[in-house]
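Topology and contacts: notes
Listed below are the residues making up each chain.
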Amino acid sequence: MLLIVDMLNDFIDPKGVLFCGKSSREIIPVIKDLVEECKSKGDSVIYLADAHEKNDREFDRFPPHAVKGTWGAQVVPELAPDEEDLVIEKKRFSGFYGTELDGVLKDLAPDEVWVVGVCTSICVMDTVGDLCNRDIPVVVVENGVADFDEEFHRFALARMERVYGAKIIKW
């Protein structure tokens, strides 16, 4: 199963409010390839997508971004979900907080979850931590994740591997 985290216009498009930089654009072909690979095997693809209310408390720490129903909250066109893909809107860093992701994973019962997207040190790492807390094996695709900050990116990959037991691979 593939979990795609926050590949949204506000993070991936240079006009986005929290554009993650050139590295976020470079992961698009990797993720696209992984989506095709998963679908060819009949594996599920789930998109996690920030979808904040206009007055979200997260905006005390970050500029308003990915406001529900706006261009910024849409998945980038290159990775637009198909009808059969599940898109789970979230309001916090972890894809589990206040969402149906836990129930979906219980129903799907994947052997492992592959994780890609942004930001490595925030939403990706928090979601991977919560997968680990549920004893779900995780594979993080190193060249399929990106961050605002290269130092935080490297730290997050190391932490996910050493603390959470995630397998870190290149695709």
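This text gives an overview of the structure that appears in the document.

Turning to the overall build of the chain, a few remarks are in order. When its secondary structure is counted, the chain shows six helices and six strands. Seen in sequence order, the chain has helices and strands lined up from the N terminus as β-α-α-α-β-β-α-β-α-β-α-β. Taken over the C-alpha trace, the chain has a radius of gyration of 15 Å; the compact-globule value for 171 residues is 16 Å, and the two agree within 12%. Taken over the C-alpha atoms alone, the chain extends approximately 35 × 35 × 30 Å along its principal axes. Each of the 171 residues in the chain was classed as buried or not, and the buried ones make up 52%. When contacts within the chain are restricted to residue pairs at least 6 apart in sequence, those whose partners lie at least 24 apart make up 74%.

What follows concerns the environment of Cys-119. As for its placement among the helices and strands, Cys-119 is situated in the loop between strand E4 (113-118) and helix H5 (120-133). Residue class for Cys-119 comes out buried when judged on its relative accessible area of 4%. Each C-alpha atom, one on Cys-119 and one on Ser-24, is 8.7 Å from the other, the two residues being 95 residues apart in sequence. Ignoring anything within four residues of it in the chain, the contact list for Cys-119 reads Cys-20, Val-124, Met-125, Ala-146, Asp-147 and Phe-148.

Taken together, the six strands give an open sheet; going across it, the order is E3-E2-E1-E4-E5-E6, and neighbouring strands pair in parallel fashion. Each edge of the sheet is formed by a strand with only one pairing partner; in this case those strands are strand E3 (86-90) and strand E6 (167-169). Neighbour to neighbour, the strand axes of the sheet diverge by 25 degrees on average, direction disregarded. Sitting on the sheet, H5 is in contact with strand E1 (2-5), strand E2 (45-50), E3, E4 and strand E5 (138-146), with an inclination near 160 degrees to E4. Its contacts with the sheet put helix H6 (residues 150-162) on E5 and E6, and the angle it makes with E5 is roughly 175 degrees.

How each quantity is defined
Residues numbered from 1 in each chain as written. Predicted model: local features only at pLDDT ≥ 70, side-chain atom pairs only at ≥ 80, totals over all residues. Heavy atoms only, no water. Helix = DSSP H or I, 4+ residues; strand = E, 2+ residues; numbered from the N terminus. Rg over C-alpha atoms; globule rule 2.2 N^0.38 Å. Buried < 20%, exposed > 50% of the residue type's maximum accessible area, 1.4 Å probe, protein only. Contact = heavy atoms within 4.5 Å. Pairing = 2+ DSSP bridges. Axes fitted to C-alpha atoms, helices over the stretch in contact; angles between N-to-C directions.

So far we have only geometry, and geometry alone does not tell us how the molecule works.
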